[in-house]
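Coordinates in review
Listed here are the chains, written in short residue letters.
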Amino acid sequence: MDSQRVVITGIGPIASIGIGKDEVWSSVTEGKTGLKSEEYSISDKASQKFYLHKAKDFKLCDLGIDKAVLNDIQTWKDEEIGKDLKYILGVVKLALDDSRLSFDPKDTKNKVGLVLTHENPGLDDFYQKVIDESFDLLKNNSSISKEEYFKGFFGKFQKRAYDLQTFMFLYHAAKAFGFHGYSLFINNACASGLYALEAAADIIKSGKCQAVISAGVDLTSIFKLLWFKGIGMYAEDGLIKPFSKDRNGFVFGEGGAGIVLESLESAKKRKAHIYAEYSGGGFSLEGWKVTIPDLNGDSYKKALSEALTKAQKETIDLLVPHGVGTTVADSHEAKAINEVFGRIKPPITALKPYVGHNLGSCCLLETAILMMALGNNLIPATLNVNDIDSKLGMDLVTTSKKSEIKIIVKMACGFAGYNGATIFKKIC
Amino acid sequence: MVPQDLDKQIKEIIARVIELDAGEITPDADFINDLGVDSLKAIEITGAIEKAFRVVVPEEKIRDIRTLNQAVSLTKQLLEAKG
């Protein structure tokens with residue numbers, strides 16, 4: 001039944017390598033990355049340099065969003081919209097435009113839903129403001145009482161803190177576009193994007209929505225950089241080298257993507273361009289540690305095996321692992337892939353060397369790139385890998401190659417043990 | 001309860017995980033520098049100890065378990081805390 005089949009009809013990526021699908025795909029095919037070294041300051045004097053894939057900037061006013069609605073959001077916030085919300089609006093707008101989905105934003109009965117994901121929306125801006133403004137408050141008044149400090153702090157930050165709640169992030173974004181259908185906020189760490197696609201598919205199959213936009217972004221801050229450096233996952237040379245002998249961690253990528261999903265029935269009816277069918281996925285939760293995967297368990301393998309049942313035993317033409325380039329996570333992935341596929345594995349490539357690690361939005365950004373790979377029958381090379389770790393048994397595609405692609409598996413293993421694997425199938 | 005032969009049991013677990021003869025594992029031999037164990041096996045050792053003794057090793061302690069003695073000492077502490 002076409003109403004029970006879910007397809008992708010719009011993609012809106014924003015990354016260090018471009019804004020929109022054409023710029024992003026063009027960079028991928030040319031092997032370009034957006035890696036930069038940026039200075040971050042934690043005081044008036046000291047600054048530290050970090051590598052990251054910095055997102056291209058754009059003007060919010062160029063998005064064509066109803067100005068009255070944007071003004072209303074700004075009035076509520078009593079400040080600027082903030083980077084996270086700005087980029088979410090950007091990727092959703094690009095995806096909507098790409099899909100040419102038509103709906104009436106003023107019709108409160110429209111059945112367009114939004115599934116947003118972000119690991120910590122607004123938190124970094126909040127952190128910075130608390131530090132800056134608290135410091136000024138204390139510096140200018142050394143005899144301040146606890147009550148005065150509490151009142152000053154609460155007065156300044158109560159609304160900002162309120163807006164950190166994820167339902168507010170969803171509210172602002174849905175309001176900006178006039179989505180009134182069943183909507184969710186999802187947070188499953190780095191696997192969030194796959195969970196967001198699965199949730200969108202479930203919503204569509206249930207008949208609650210005609211179309212759902214799954215979207216996520218991530219922007220980098222000194223707080224994230226220091227945390228990941230502290231736990232030894234930051235690649236000091238700036239290079240993500242998935243599954244290679246000299247892998248030494250990752251660097252962040254900024255941006256994300258919006259993905260428009262709808263039923264095959266709806267897409268056919270409105271003659272939409274269909275990138276692929278989202279055939280579903282397998283998911284598992286290890287429940288072991290936060291920053292370390294359960295190497296003794298088989299949770300990730302179970303997620304992958306379950307996803308493969310959705311491929312209905314057809315040959316997998318491309319497998320894209322999480323590929324973060326850390327010693328432990330890459331081994332964890334290799335173990336699951338080897339146990340499921342044995343010696344004969346599909347072509348494998350990892351995309352994070354192009355765009356960095358976008359945390360909660362990485363799977364959506366990579367899905368957007370994979371839709372272009374599927375349409376162009378091109379497997380992008382895994383960059384930065386000169387010496388594959390033979391112990392892992394992963395034969396990566398290290399030179400981009402034309403190859404007919406009908407089915408793709410995208411995997412992710414997130415912090416706290418959130419695992420996922422999903423299937424994208426070309427509709428012929 | 002802390003088993004009387006805790007040292008022996010943990011030594012056997014480590015030997016099994018790192019595929020080495022138990023006799024080669026001396027109390028203070030560093031897993032990584034002396035026994036050639038990689039960081040992945042060190043994590044597997046933690047998982048195996050947790051399973052065998054039904055304890056939960058705090059995440060920040062995992063990287064500190066570098067010798068048999070350290071593994072025994074931490075497991076003992078966790079078992080005693082369990083009561």
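A quick note: this is a predicted structure, and the numbers were derived from the prediction, not measured.

**A closer look at the overall build of chain B**
Each helix and strand in chain B was counted, giving four helices and zero strands. Secondary structure elements of chain B occur, N-terminal to C-terminal, as α-α-α-α. Over its C-alpha trace chain B gives a radius of gyration of 12 Å, about what one expects of a compact globule, namely 12 Å for 83 residues. Across its three principal axes, chain B shows a C-alpha extent of roughly 35 × 25 × 20 Å. Taking the contacts inside chain B whose residues are at least 6 apart along the sequence as the reference set, 56% of them involve residues at least 24 apart.

**Structural notes on helix α1 (residues 6–18) of chain B**
Across its 13 residues, α1 of chain B extends 18 Å between first and last C-alpha, which sits within 8% of the 18 Å expected from 1.5 Å per residue. Elements in contact with the buried residues of α1 of chain B: α2 (39–53) and α4 (68–82) of chain B.

**With respect to the packing of helix α7 (residues 192–206) of chain A against helix α13 (residues 362–376) of chain A**
Residues and elements named next belong to chain A. Two elements in contact, α7 and α13, have axes separated by 6 Å at closest approach and are oriented at 70 degrees. As judged from the angle between their axes, α7 and α13 are roughly perpendicular. Residues S192, G193, L194, A196 and L197 of α7 lie in contact with α13, whose contacting residues are C362, C363, L364 and T367.

**Notes on the domain arrangement of chain A**
Residue and element names in this part refer to chain A. When its domains are assigned, chain A resolves into domain 1 (2–122 + 164–425) and domain 2 (126–162). Placing a centre on the C-alpha atoms of domain 1 and another on those of domain 2 gives a separation of 36 Å. Contacts between the two partners involve six residues from domain 1 and, on the opposite side, five residues from domain 2. Here the residues of the side of domain 1 that touches domain 2 sort into three nonpolar, two polar and one charged.

**Let's talk about the sheet that holds strand β3 (residues 35–41) of chain A**
Two modes of strand pairing occur in sheets, parallel and antiparallel, and in both the strands are linked by backbone hydrogen bonds. All names here are of chain A. Taken together, three strands build an open sheet; the order of strands is β3-β4-β8 and the sheet is mixed. With partners counted over all chains shown, the strands left at the sheet margins are β3 and β8 (252–253), one partner each. Here β3 runs beside strand β4 (residues 47–53); their pairing, made up of seven bridges, is antiparallel. Within β4, the position partnered with E38 by the bridge is F50.

**Section: helix α10 (residues 299–310) of chain A**
All names here are of chain A. Taking 1.5 Å per residue, 12 residues should reach 16 Å; α10 reaches 18 Å between its end C-alpha atoms and fits that length. For α10, the full list of buried residues reads S299, Y300, K301, A303, L304 and A307. Buried residues along α10 sit against β10 (276–285), α11 (327–341), β14 (407–413) and β15 (418–425). Within two residues after α10, Q312 carries a phi angle of roughly 50 degrees, on the positive side.

**A look at the pairing of strand β9 (residues 255–263) of chain A**
All names here are of chain A. By the criterion of burial, β9 is predominantly enclosed, with nine of the nine residues buried. Pairing analysis gives eight bridges linking strand β1 (residues 6–15) to β9, with the strands arranged antiparallel. Considered in β9, the bridge of G10 is made with V260. Examined bridge by bridge, strand β7 (residues 211–218) and β9 share eight bridges and lie antiparallel to one another. Bridging across to β9, A215 finds its partner in G258.

**Observations concerning unusual backbone geometry**
Residue and element names in this part refer to chain A. At K271, a residue that is not glycine, the phi angle is positive and equals roughly 55 degrees. Inspection of the secondary structure puts K271 in the loop between α9 (264–269) and β10. K271 gets classed as exposed once you count the C-beta atoms within 10 Å, which come to 8. The residue N384 is not glycine, and still its phi comes out positive at about 70 degrees.

**Observations regarding the nonpolar core**
Counting residues in each nonpolar core, the largest one holds 124 residues, and the members touching the most others are A173 and L261 of chain A. In terms of residue count, the dominant contributor to this core is α13 of chain A (11 residues). Dropping the residues within four chain positions of it, L261 of chain A is found in contact with V6, V7, I8, A200, A201, I204, A211, V212, S214 and Y278 of chain A. Of all hydrophobic cores here, the second largest spans 18 residues; its members include I10, I25, F31 and V72 of chain B.

Conventions and cut-offs
- Residues numbered from 1 in each chain as written.
- Chains lettered and ligands numbered in written order.
- Predicted model: local features only at pLDDT ≥ 70, side-chain atom pairs only at ≥ 80, totals over all residues.
- Helix = DSSP H or I, 4+ residues; strand = E, 2+ residues; numbered from the N terminus.
- Rg over C-alpha atoms; globule rule 2.2 N^0.38 Å.
- Contact = placed C-beta atoms within 7 Å.
- Expected span 1.5 Å × (residues − 1).
- Axes fitted to C-alpha atoms, helices over the stretch in contact; angles between N-to-C directions.
- Parallel < 35°, antiparallel > 145°, perpendicular 65-115°, else oblique.
- Domains from an automatic or database assignment.
- Nonpolar A, V, L, I, M, F, W, Y, C, P; charged D, E, K, R; others polar.
- Pairing = 2+ DSSP bridges.
- Buried ≥ 20, exposed ≤ 12 C-beta atoms within 10 Å, placed from the backbone.
- Core = buried A, V, L, I, M, F, W, Y, C linked by C-beta atoms within 7 Å.

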